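A structural walkthrough
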Amino acid sequence: MFTERIKSIDISGIRKMFEGAGLNSINLGLGQPDFDTPQHIKDAAIEAINKGLTGYTMNLGFPELRSALSRKFESENHFTVSSDEIIVTSGASEALHLALQALVDKGDEVLIPDPGFLSYFALAKIAGGKVVGVPLDEKLTMTPEGVNELITSRTCALIVNSPSNPTGTVQTRTQIKALAEIADDNDITIISDEVYEHFIYEGEHVSPAQFTDNVITINAVSKTYAMTGWRIGYAAARKEYVEQMLKIHQYIQACANSIAQKAAQAAIEGPQDCVTVMRESFRKRRDITMEGLGAMGIKCVQPQGAFYAFPEVEDEEAPPKLLKKGVIVVPGSAFGENGKGHIRISYATSEENLRRALKVMENVL
Ligand SMILES: Cc1ncc(COP(=O)(O)O)c(C=O)c1O
């Protein structure tokens, strides 16, 4: 009754961890900031409702929002894209779906960092593609050499995610430039997922679009402004990409939520000190996490961004054992073959919770 491609997809390994969790569990499994959306952003949404901005918007999204995003790309990401080359979506998730639906034909190969964000694997398969995991180096980054080795005549896209979920690592400028060259040389498209760009503690964020136009740049207000539930993301790419993605967006979504688009515009154009506050808070929690793991003698590559740590924990039973003691973490294997032997810790929780959870880990691990 159901299609093979959908049957081949497993329910999210993260969701599974939440089943069976007690009410008082400390959740180090969640991929979202534990902050509330800043007030000026909420106010913009309320104003939009009161002004009656409750109908469909242009399929691409409100022009004013796309103009704000175009300026954001120029000033923060150092590449030029017109407002007609931006499509506003329901979260980065929809943008990823549009990109893969537009690019992948049956049997085409999609290069995905392994370990990597689990939606990449599922969405590539939903598009009929063949997932090719790119193993990471000892620093948990994707190397241009590693990517080059896996390119075949069927490769159509390469997903880059820096800072990374689940590892928290950041690709260097040299790596990003080399990956852009690989895309140009082989005529493949980079799908660059930049949702954690503002949460970097060491290193810098570099968009591949600075070096190539064979790229779809994907981002969202979800993580940066603590707006995961508002469901606003966006994709920027040259016109021919946007034209194809727009066809899918038109039929599956029509447009992103009008009120949330106005909130997103206030987020992008408004004061950015809320982002600095969150970043500094995450940095402190990153340090607490690393100190705690270090004291237990658990090896972990220093996360330079996002709000995840990906320590080496060989015991495959560690996540259920921790769950029994009230701490939720995600098994590394949920993020691909090469995630095995790790757990993912999200430190987007209070310092108090984090310290309590680290104590439990010390006893269990
Ligand atoms: C790397 C990465 N990309 C995309 C998303 C999805 O973002 P959104 O909530 O905007 O759909 C997530 C959410 O966890 C993520 O970690």
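One structure accompanies this document, and this report is about it. (Residues numbered from 1 in each chain as written. Predicted model: local features only at pLDDT ≥ 70, side-chain atom pairs only at ≥ 80, totals over all residues. Heavy atoms only, no water.)

**Considerations on the site of the ligand**
Our working definition: Note on terminology: near, applied to a residue and a molecule or strand, indicates that one of the residue's heavy atoms is within 4 Å of it. Distance and chemistry together define a polar contact, namely a pair of N or O atoms within 3.5 Å, with one atom able to donate a hydrogen and the other to accept it when in protein, and with adjacent residues in sequence counting only for side-chain atoms on both sides. Note that accessible areas follow from Shrake-Rupley with a 1.4 Å probe, and for residues the cover is restricted to the protein chains shown. A run of DSSP states H or I qualifies as a helix once it reaches four residues; a run of E qualifies as a strand once it reaches two. Both are numbered from the N-terminal end. Nonpolar residues are Ala, Val, Leu, Ile, Met, Phe, Trp, Tyr, Cys and Pro. Charged residues are Asp, Glu, Lys and Arg, and all others, Gly as well, are polar.
The immediate surroundings of the ligand are formed by 14 residues, with Ser 93, Asp 193, Tyr 196, Ser 222 and Lys 223 found nearest. Residue Ser 93 places a side-chain N or O atom 2.5 Å away from an oxygen atom belonging to the ligand. Within the side chain of Lys 223, one N or O atom sits 2.6 Å away from an oxygen atom of the ligand. Protein contact buries 92% of the 400 Å² of open area that the ligand shows by itself. With three residues, helix H5 (residues 91-103) is the single largest residue contributor to the shell around the ligand. Of the residues in the shell around the ligand, the class split is six nonpolar, five polar and three charged.

**Points about empty space enclosed by the protein**
Stated formally: Grid points spaced at 1 Å over the protein atoms alone were grouped into cavities, where a 1.4 Å probe fits but cannot get out, and pockets, open sets with protein on both sides within 12 Å along at least five of seven lines, with lining residues defined by an atom within 4 Å of a point. Grid points are joined across faces, edges and corners, and a volume is the space filled by probe spheres set on the points.
Applying the stated criterion to the full structure yields two cavities of 30 Å³ or more. Here the largest cavity is characterised by a volume of approximately 100 Å³. Considered class by class, the residues forming the lining of the largest cavity number eight nonpolar, eight polar and no charged. Taken together, Val 160, Ser 162, Ile 176, Ser 192, Asp 193, Glu 194, His 205, Val 206 and Pro 208 make up the lining of the second largest cavity.

**Observations regarding the packing of aromatic side chains**
Cut-off, in case you're wondering: Two aromatic rings, drawn from Phe, Tyr or Trp (for Trp, its six-membered ring), form a pair once their centres lie within 6.5 Å of each other, and the interplanar angle then sorts them: stacked below 30 degrees, edge-to-face above 60, tilted otherwise. Exposure categories follow from relative accessible area, calculated using a 1.4 Å probe and restricted to protein chains: below 20% of the type maximum is buried, above 50% is exposed, and the middle band is partly exposed.
On inspection of all chains with the given rule, the structure shows eleven aromatic pairs. Geometrically, the ring pair formed by Phe 35 and Phe 282 is edge-to-face, given 5.6 Å between the ring centres and 75° between the ring planes. In this pair, Phe 35 is assigned in the loop between strand E1 (26-27) and helix H3 (39-50) and Phe 282 in helix H11 (residues 273-295), connecting sequence segments 247 residues apart. With relative accessibility at 27%, the residue Phe 35 sits in the partly exposed group. Under the relative-accessibility criterion, Phe 282 is labelled buried at 0%. Between Phe 73 and Phe 79, the ring centres sit 5.0 Å apart and the planes meet at 35°, which makes this aromatic pair tilted. Neither residue differs from the other here; Phe 73 and Phe 79 are each classed as buried. One aromatic cluster is present, formed by Phe 35, Tyr 196, Phe 199, Phe 282, Phe 307 and Tyr 308 through successive ring pairs.

**What about the sheet that holds strand E11 (residues 330-331)?**
Applicable threshold: Two strands qualify as a pair provided that DSSP identifies no fewer than 2 bridges between them.
Within the open sheet, the three strands sit side by side as E9-E12-E11. Their pairing is antiparallel. Bordering the open sheet on either side are strand E9 (308-309) and E11, each of which pairs with just one other strand. Across two bridges, the pairing between E9 and strand E12 (residues 343-346) is antiparallel. If you follow Ala 309 over to E12, its bridge partner there is Ile 345.

**Focus: the sheet that holds strand E6 (residues 189-193)**
Cut-off, in case you're wondering: Every axis in this analysis is a line fitted to C-alpha atoms, fitted for helices over the stretch in contact. Angles between the N-to-C directions lie between 0 and 180 degrees.
Strands sit in the order E2-E8-E7-E6-E5-E3-E4 across an open sheet of seven strands; the sheet is mixed. Where the open sheet ends on each side, the last strands, each with one partner, are strand E2 (86-89) and strand E4 (130-135). If you compare each strand with its neighbour and ignore which way they point, the axes differ by 20° on average. With three bridges connecting them, strand E3 (residues 109-114) and strand E5 (residues 155-161) associate as parallel partners.

**Here's the deal with the pairing of E2**
Side-chain alternation along E2 places Ile 86 and Val 88 on one buried face and Ile 87 and Thr 89 on a second face that is also buried. Of the pairings in the sheet, the one linking E2 to strand E8 (residues 233-236) comprises four bridges and is antiparallel in character. What sits directly across from Thr 89, in E8, is Gly 233.

**Section: the packing of H5 against helix H9 (residues 239-252)**
Note the following rule: For any pair of crossing helices, the crossing counts as left-handed if the nearer helix is rotated counterclockwise from the farther one by less than a right angle, and right-handed if it is rotated clockwise. Here, residues are in contact when the closest pair of their heavy atoms is within 4.5 Å.
At their nearest, the axes of H5 and H9 sit 9 Å apart, and the two run at 115° to each other. In this structure, the crossing between H5 and H9 has a hand that is right-handed. Each of Glu 94, His 97, Leu 98, Ala 99, Gln 101, Ala 102 and Leu 103 in H5 lies in contact with H9, whose residues at this interface are Tyr 241, Gln 244, Met 245, Ile 248, His 249 and Ile 252. The residue inventory of the contact of H5 with H9, partitioned by class, reads eight nonpolar, four polar and one charged.

**Side note on unusual backbone geometry**
Looking along the chain, the bond that leaves Ser 162 and enters Pro 163 is cis, with omega of -10°. Mapped onto the elements of the fold, Pro 163 is located in the loop between E5 and helix H8 (173-186). Geometrically, the link from Asn 165 to Pro 166 is a cis peptide bond, its omega value of 25° lying close to zero. Among the secondary structure elements, Pro 166 is positioned in the loop between E5 and H8. The backbone phi angle of His 78 is positive, close to 60°, even though this residue is not glycine. By the secondary structure assignment, His 78 is in the loop between helix H4 (63-77) and E2. Judged by its relative accessible area of 52%, His 78 is exposed. In this model, Ala 254 sits at a positive phi of 70°, which is unusual for a non-glycine residue. In this fold, Ala 254 is placed in the loop between H9 and helix H10 (258-269).

These values are about where atoms sit, not about what they do.
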